[in-house]
Amino acid sequence: FSSLFGGTVSTLMSVYLPVAVKDLLANTDAVRYDNISAYISSLFILGWMVGGIIWGILCDSMGRKKSFIYATLCYGLFTLMTAVAPSWYMVVVSRFLSGFGIGGVLVITTMLISEGYQEKRRAVLLGILSISIPVGIFSAGLINYFISNWRIAFIVGAIPVILSGLAAVFFTESETWRSVKQKGA
């Protein structure tokens, strides 16, 4: 589910961007609106890329479970921060860090499934994982349809925060990662 909400969070700003930027900037010219919109969108994608790399490295050292929990918590908390951001600067920072968490979740969930399941089941689960982002993107459109206020919509970040707590309780560490760590220790 974390990847599904990653898809939601990744597209949520796209559907609310014109309204959010106008709300944050009040009265300004169209060029400035466009520039700020570009910063918000591009730095989110940059965060996603950087997050995929950094979390990939971190999950090799700290473990898949902890990395998954922290990456999910990261994008959830910074999605919530987007909802309450007082300025476009804070929205940019929050979106970068949301992207950073999502990038990690996408890398880590692929590793967890690849390491945790036999080949036949793994193929099905990786297929489900691959459609979770588009389902999340679709759900961002549904949120936009039912919720007109962009700040309220970004409260959806509470769901990944809750998921990270559930993962802390119910997830187990990858046996493949454990055995590699024990051999290297």
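Keep in mind it's a predicted model, so treat the numbers as computed, not measured. (Residues numbered from 1 in each chain as written. Predicted model: local features only at pLDDT ≥ 70, side-chain atom pairs only at ≥ 80, totals over all residues. Heavy atoms only, no water.)

(A) Quick peek at the pattern of salt bridges. If you walk through the whole model with that rule in mind, you get 4 salt bridges. Between Arg-64 and Asp-60 there is a salt bridge, with the nearest N and O atoms lying 2.8 Å from each other. Within this structure, Asp-60, Arg-64 and Glu-115 form a network of salt bridges that share partners. (Salt bridge = Lys/Arg side-chain N within 4 Å of Asp/Glu carboxyl O.)

(B) The arrangement of the side chain of Ser-37 in detail. Relative to the assigned elements, Ser-37 resides in helix α2 (residues 30–62). The class of Ser-37 is buried, set by a relative accessible area of 15%. For Ser-37, the residues in contact, after removing those within four places along its chain, are Leu-17 and Val-21. (Helix = DSSP H or I, 4+ residues; strand = E, 2+ residues; numbered from the N terminus. Buried < 20%, exposed > 50% of the residue type's maximum accessible area, 1.4 Å probe, protein only. Contact = heavy atoms within 4.5 Å.)

(C) Focus on the environment of Ser-139. Among the structural elements, Ser-139 can be located in helix α5 (residues 119–146). The exposure class assigned to Ser-139 is buried, which follows from its relative accessible area of 17%. The sequence separation of Ser-139 and Phe-78 amounts to 61 residues, and the corresponding C-alpha distance is 19 Å. At 2.6 Å, the side chain of Ser-139 and the side chain of Thr-8 are in polar contact. (Polar contact = N/O pair within 3.5 Å; in protein donor to acceptor, adjacent residues only side chain to side chain.)

(D) Local environment of the packing of aromatic side chains. Per the counting criterion, the structure on display carries 7 aromatic pairs. Their ring planes at 20° and their centres at 5.0 Å tell us that Phe-68 and Phe-171 sit as a pair that is stacked. Separated by 103 residues along the polypeptide, Phe-68 in helix α3 (residues 64–84) and Phe-171 in the loop between α7 (158–170) and α8 (175–184) bring together distant segments of the chain. Classification of Phe-68 as buried rests on a relative accessible area of 7%. Overall, Phe-171 belongs to the partly exposed group, its relative accessible area being 34%. Taking 4.9 Å as the distance between ring centres and 90° as the angle between the ring planes, the aromatic pair formed by Tyr-145 and Phe-146 counts as edge-to-face. Side by side, Tyr-145 and Phe-146 carry an identical accessibility label, which is exposed. Here the basic side chain of Arg-95 rests over the ring of Phe-44, its NZ or CZ set 4.1 Å away from the ring centre. (Phe/Tyr/Trp six-rings, centres within 6.5 Å; stacked < 30°, edge-to-face > 60°. Lys NZ or Arg CZ within 6 Å of the ring centre and 35° of its normal.)

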